[in-house]
Every structure is written in structure tokens, then in C-alpha cells.
Amino acid sequence: MKRIFLFLFPALLAGISGVLAQQITLASPNGDLKVSIRLSDKIYYSISSGEDMLIENAWLQLTLQDKILGHQPKLSGQKRTQANETLTPYMPLKYAVVPNQYNQLRLTFAGNYAVEFRAFDEGIAYRFVTHFKNDSYVMGEDFVIRFPESYLAHLQQPGSFKTAYEEVYTHVKTDEWTPADKMSVLPVLIDTHKQYKILISESDLSDYPCMFLKGTGENGMQSLFPKVPLEFGEDGDRSVKILKEADYIARTAGKRDYPWRYFVIAKDDKQLIENTMTYKLASPSELTDLSWIKPGQASWEWWNGATPYGPGVNFVAGYNLDTYKYFIDFATEFGISYIIMDEGWAMSTRDPYTPNPNVDVHEIIRYGKEKNVGVVLWLTWLTVENNFDLFKTFREWGVKGVKIDFMDRSDQWMVNYYERVAAEAARHELFVDFHGSFKPAGLEYKYPNVLSYEGVRGMEQMGGCFPDNSLYLPFMRNAVGPMDYTPGAMISMQPDVYRADRPNSASIGTRAYQMALFVLFESGIQMLADNPTLYYRNRECTEFITSVPVTWDETRVLEACVGEYAIVAKRKGEKWFIGGITNNKEKERTFELSLDFLPTGQTFRMTSFEDGINAGYQAMDYRKKESTVTNGQKIPIKMVRNGGWAAVIE
């Protein structure tokens, strides 16, 4: 009997374990992706694609002041639903029409809460839902994921929760990332070293802090969040010191949907660029009339020091009336919608109501209206917070939008600040461009007057902005929403000969690389960062740049490899634009692009800009070509190191 008992005991335990742990599976519409949920002491889940396990025994938990949601969960019901709908974003950065198909599983638990999982063909998402009468104090949220083997994580790692989100990407093995190492902002990109890439981010973020991730030291990652600030102190004209923090990360409504945590699962790097997960999970627009919101390009004076020169500049350049009128005239000639007036338009950064008399904002706005060019004013977030009625005043002045800077935080208070600003600006028909900002997480769809966010190591970093880093942006930062990178340099250099400073600002990468960025990078307001003088001198480049739309009907990624190269075709109406860029690792790269996206039975004119024969050293060398193309034709292209290729087909 002893022997039989000993043999049966493991089987008996397995049987008991099977009873205690409930297993539930949700599959994507095409059946390839699966999330397998196991309920025992926690809510565990694993994500697989076909036979490949990608994330194993991850778990989720929400700790409130008086209870822990997800601890010893008791399932009281489950409901499966499906969606197969069509979404039409007001500001389509990729597609005018977005199919939204998913399978949903809602698990309801004793204790008045639920967890919703959604399975899309391109990814998995989940969120908590609570139904409490009184406000909840959220002490913490556990997003804990584990990997079945060592992966490579692409991260942006700040030194603290106070960050402008402009750190260079780092690349860390998941089994070597420890809790003592720096955390990472979202999005995070995981390379499984096999076929798959996993992009992690969040959407429908409201009344809640941004999520950060850190290594567990056990081949996994876990969440952490900034706490609610309670007391503030002075810290200059564009920030505050947090003097006291709460012991909780959010005080929020007891009845609410929490932010979505999502995983884009890509078998091909192209899918990362093409994904629309943030949009699919965002709340619908709070605004009914959107007709006044006009995405477009803007001429920007800060990067070039407001210093036009040469023939036609018969005035002392700088932050003054004559210079801004010159910028408006430039915008008018090339059909640019806006000019940005950065720091210096007001007498003080603390006072948004008293313009600098040398600038004369009212005359500039009047002159811009006469020339059909809108004016956008820069402000610090602190000035906005201390003068929240400025939106009403700016509307009366005739301002079209605001660029708000230096938030550098993402605690609950600051996340709510973004939404308060978006709502109040919309009430007075002003658009918003957030700088010093965290990544997009759905607010731009709830309030479509939010045209862009910085939160990127962009061109204002001068030599600190280089293609080896920027080649991650289409697959990570720009893959979750609009990105104000401020492209358009007309002085281009290779990194080994880079020497530049304002007002003679320059970029790393070739001229063709810079031109391609206007097609490749997505933003509802796209800057032309350089000096109008240089744009006039490089007219054929400027004519191409200013012909590129900022919203699109269709996107096709032609070639893509994370951190190496990206070539994307985009359609607006009957025109196709193509932009391609590459990094510094190869002397040159060659591709054969298939034009199978063109309509059949027609001949098209293609105007292209390619790296010149000497662009590998003299980065401003480029060639413009005219040719005819047809559907199905394959065209060879070459990009030198840090190079690019751009074209319009019409």
C-alpha cells in the first residue's frame, strides 16, 4: 500500500492543483495569438503565438488602501464578446480607416472588480475595472512579466521620475536587468532573438500616473509608478520642487476603467511601424465639433536662432517684429500653415499677457492672418497652470495653438494637468503641442486638438541626435503616437566631422535622410526647424518637404529592421510619398523596392532624392531624379551610412 500511495501522491496533488487553479484561454480573431489565464493565488497569464511561448506566468494585481485586487481571486463570472468595427481617426497619422477586430474576455471577481483582456491579431491588452462607491486610494499596481528565455530589451532609462524623456536608447539583456539598475519609461521593445518583437506600452491613460518598468533580476520586468505629490516649492520659472509625496500613486474614482496595458506582438518588424494599438484602446473623442482643428507644418525659429540673413534681409535679425514677419512671408510662399514663436515673445516667461515690445505679438498675429499663416505661442507649463485663463485671452488675440514645455513629470497630478489643458484649450479652439512630455497614451484621441508630443531625443539635441538612436523611433516612440522631433536641417554632416551650434545648427545624417524624415516620422504638427534663408537656397528640397502631408490615408512599410533601416510608403489622396533612412553601421545599403501598391494600368511620375556619390563623407551631397514608374515595377535604391531616400509618386 505504501508503494502505491507514494506513486499516486504526485498524481493526486496534480489533480487537486488542477481543481484549485482555473485555466481560461482567449485567442485572437485569426487564432494565432493566445493569452492563457490561470487563477490561483494571483491572476497569472501567459502569451503565446502558435507554438511559441513569449511571456510566461506573468501576473497582475492592484493594491488599494483596504484590499488587493487580484490576490486570491474568486471568479464570479465571465463574459466573452467580439468586435469587428471600423474606426476613422480625425487626425490619421497612418490610416484614414482603421479596422478594429478583437475578441474580449471580461472576468468578474468577488469584491466588485473585473479584469478585461482583449486579443487582437497584432497584440494582447488588459485592464482593471472597478465598481466601488467611494474613491479609491491606489497604493500600487503590479504589472509583472516573465520571459521563458533571455531576450534583448530596448529601453529609455532616466535617472529618476523627473525626466524630459530624451535619454538615448540602451540595449539590455532581460536576464541581466536588475532592480538596482535604472528603470525605463514606456514604450519598451523586446527582441526575442527569434521571429518576434514585443512592444509594451499603455493607452487610455487618465487620472492615473504613467507606468515605468524595471528589471526583476529574474529575467523579467515589473512596474513602478511615481507617487502623488502633496506639497510643492519654488524651483525657478519653469518647474517646481516636490516637497512632500503621498504613500499612494493615485486617488481616483471607485467606479472606473483603469489604463490598458498592451503588448504588440510582431512577427515582422514592419508590423511595429504599422500598428495602431494606442488608438484602438483609447477613449473616443470628448469633442463634437472638430472642424477647427487643422494639423499642418510649422516654421520654427528657436533651432536656427531666429537669424535669417543674406539678400532680402535688410533688418537686424533676432526675436523681433521684422524677423517674425520674414518667417511668415516664408511660410506663405511655401504653403506652411503656422509659425512657432518660442521663448522670447513675452516680456517674462512668468507673464503670458505682456508681449515683448520688440516682438509685437498682436501685429504678428494680424500680419499672419493677412497671409493665411497661424501663430503658435510657446509657454512653460508652470505659467499655464498659474494663468489658466490665458486660453480665453489667446483666442481673443487670434492665436491658433500653444506649445507647452518642461512638464518633465508623469505622476497623477501631471497626467491630469495634460487633460485639463487639452480640455480648456479645446473650449477656446486652440490646439496643443506638448514638449518636455511623456509619450502619447490616448489623450490625443480623447482630445484631438492635442496634435503632438515631444518626449523624444529629437534634433534640438544637435550632435546628441544621431541616426543610430533615431532608427529606433519608428519602431518604438513613434509607434505609440505622434512625435515632435523637429526635422528639416539643411546643414547635414556625418558624425566624424560634426561641428555645429546655433545659429548655424546642423544635423547628423545626409540631406536625403532629413528629407525622408518628413515622410517617415508622424506628427500632427511637423516643424521645419531650419533657417528660412537656407530653405530659400535649397528650394527644390524645400518644395518637396513642404509638399509632404502630416495626415495620411494609407501606410505601407516596404523594408524595416529595428535600429537598422526603415522605408515607408504613405498615400494621401492619389499621391504616394516614400521615405527611407538607415543607420551608421554599414557603408551603404541597397534595396529593391516593389511598387505593387500603385494602381494598375497607369503610368506615374516619380521625383526622388537620393544620397549623392560623396554623401558618405559630405552629407549634403544629394541627387534629384525624375522618372516614370508603374505598378509592380521594382526600383533599386541606395542609402549611404546615416543616409536616406525620399520620393513622391503622382
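Described below are features of the structure shown in this document.

### Looking at the state of the cysteines
Following the criterion strictly, the structure yields zero disulfides and no others. Left unpaired, C541 is separated from the closest cysteine sulfur, that of C465, by 19 Å. Residue class for C541 comes out buried when judged on its relative accessible area of 0%. In this structure C561 is not part of a disulfide, and its nearest cysteine sulfur, from C465, lies 20 Å away.

### Topic: the sheet that holds strand β35 (residues 575–582)
What holds strands together in a sheet is hydrogen bonding between their backbones, with the strands either parallel or antiparallel. Pairing within the open sheet is antiparallel, and its six strands lie in the order β33-β34-β35-β40-β37-β38. Sheet topology places β33 (554–561) and β38 (622–630) at the edges, where each strand pairs with a single neighbour. Within this sheet the neighbouring strands show an average axis-to-axis angle of 15°, counted without direction. With nine bridges connecting them, strand β37 (residues 603–611) and β38 associate as antiparallel partners. Residue pairing across strands places E610 opposite R623, the latter belonging to β38. The strands that helix α11 (residues 511–520) touches are β34 (565–572), β35, β37, β38 and β40 (644–649); relative to β35, the one it contacts most, it runs at about 125°.

### So, the pattern of salt bridges
All chains considered together, the criterion is met by 42 salt bridges. Linking K67 and D66 is a salt bridge whose minimum nitrogen-to-oxygen distance equals 3.2 Å. K94 is the partner of E522 in a salt bridge, and the nearest nitrogen-oxygen pair spans 2.9 Å. A residue pair is termed long-range when its members are at least 10 positions apart, and E522 in the loop between α11 and β32 (525–528) and K94 in the loop between β6 (75–87) and β7 (98–109) qualify at 428 residues. By the burial criterion, E522 is buried, and K94 matches it. Here the residues in one salt-bridge network are R106, E116, R127, D204 and D257, joined through shared partners.

Cut-offs and rules
- Residues numbered from 1 in each chain as written.
- Predicted model: local features only at pLDDT ≥ 70, side-chain atom pairs only at ≥ 80, totals over all residues.
- Heavy atoms only, no water.
- Disulfide = S-S within 2.5 Å.
- Buried < 20%, exposed > 50% of the residue type's maximum accessible area, 1.4 Å probe, protein only.
- Pairing = 2+ DSSP bridges.
- Helix = DSSP H or I, 4+ residues; strand = E, 2+ residues; numbered from the N terminus.
- Axes fitted to C-alpha atoms, helices over the stretch in contact; angles between N-to-C directions.
- Contact = heavy atoms within 4.5 Å.
- Salt bridge = Lys/Arg side-chain N within 4 Å of Asp/Glu carboxyl O.

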